[in-house]
Amino acid sequence: MAQVVDLCFAGNGKSAAPHRRLLLLSRGLSLLFTLLMILSGLSVVAWFAVGVFYGDHVRVGSEGVQIYLHPHLRDIPGTVLFSSQPMITHLAGFADILLATAPAVFIFWHLRGLFRLYAAGIVFARQNAAHLKDVGLWLLFYPLIKFAANLIFRLAGGTDKAWLHMESVYALVLGLIVFVIAQVMEFGHEIEQEKDSFI
């Protein structure tokens, strides 16, 4: 079949070992991306907790957010205490964190789905290309979402202007590459289906 490749081979032949390794690796990566997705969500909760309960330990400046533990770091030039800012700025800061983290959660979600398919022996199906395409799209959207989130925070009185990092450039380039690979996979799947229809 064009869509499903049976990776579960019986016997102890040498050809079965790489496929078993692929299944095990795919299961491991599926678990890893599940864990990363959960940790990304928990990081948002942690930021909310720090902002609500430990706002006097958070300083915000044009270079980003800094968390300090010692009193002598209380006065950092060019920064303001997060707790001293109005509620609208707090809410915008939380929205900033939530929006900026969302792409990572969805990327891990689709990578989890992709490797779950691989672990089930499905390697050339349309679903594989769809998951990969969604990963590429979220990587492409990440710099735009990061900019929009930071803009919301700044419009609400926030001072953090550090939204453009090399990670945004890396995400953009990687997103383009992944999206093109997904398109190639989808095109290959269509060719395989057409070939099967003639047999």
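Computed from a prediction, not measured in an experiment: that's the story for all the values here. (Residues numbered from 1 in each chain as written. Predicted model: local features only at pLDDT ≥ 70, side-chain atom pairs only at ≥ 80, totals over all residues. Heavy atoms only, no water.)

1. Some words on helix H2 (residues 87-119)
And step 1. The end-to-end C-alpha distance of H2 is 47 Å, a good match for the 48 Å that 33 residues give at a rise of 1.5 Å each.
And step 2. The sharpest bend along H2 measures roughly 30° and falls at Ala 102, with the proline Pro 103 sitting one to four residues further on.
And step 3. Trailing H2 by a residue or two, Gly 121 shows a phi angle of about 90°, which is positive. (Helix = DSSP H or I, 4+ residues; strand = E, 2+ residues; numbered from the N terminus. Expected span 1.5 Å × (residues − 1). Bend = angle between axes of the 7 residues up to and from the residue.)

2. Considerations on the side chain of His 90
And step 1. Note that His 90 resides in helix H2.
And step 2. Ignoring sequence-local partners within four residues, the contact set of His 90 consists of Phe 82, Ser 83 and Gln 85. (Contact = heavy atoms within 4.5 Å.)

3. Quick notes on the nonpolar core
And step 1. In this structure, Leu 111, Phe 115, Val 135 and Leu 139 are the most contacted members of the largest nonpolar core, which totals 16 residues.
And step 2. Secondary-structure elements contributing two or more residues to this core are helix H1 (16-53), H2, helix H3 (126-155) and helix H4 (166-197).
And step 3. Examining the composition of this core, we find that six residues originate from one element, H2, more than from any other.
And step 4. The contact partners of Leu 111, leaving out residues within four places of it in the chain, are Phe 33 and Val 135.
And step 5. Residues Val 58, Val 60, Phe 82 and Phe 94 belong to the second largest nonpolar core, which totals seven residues. (Core = buried A, V, L, I, M, F, W, Y, C linked by side-chain atoms within 4.5 Å. Buried < 20%, exposed > 50% of the residue type's maximum accessible area, 1.4 Å probe, protein only.)

4. What about the environment of Leu 29?
And step 1. Checked against the element boundaries, Leu 29 lands in helix H1.
And step 2. Classification of Leu 29 by relative accessible area gives partly exposed; the value is 22%.
And step 3. A C-alpha to C-alpha distance of 8.5 Å links Leu 29 and Leu 111, two positions 82 residues apart in sequence.

None of this, on its own, says anything about what the molecule does.
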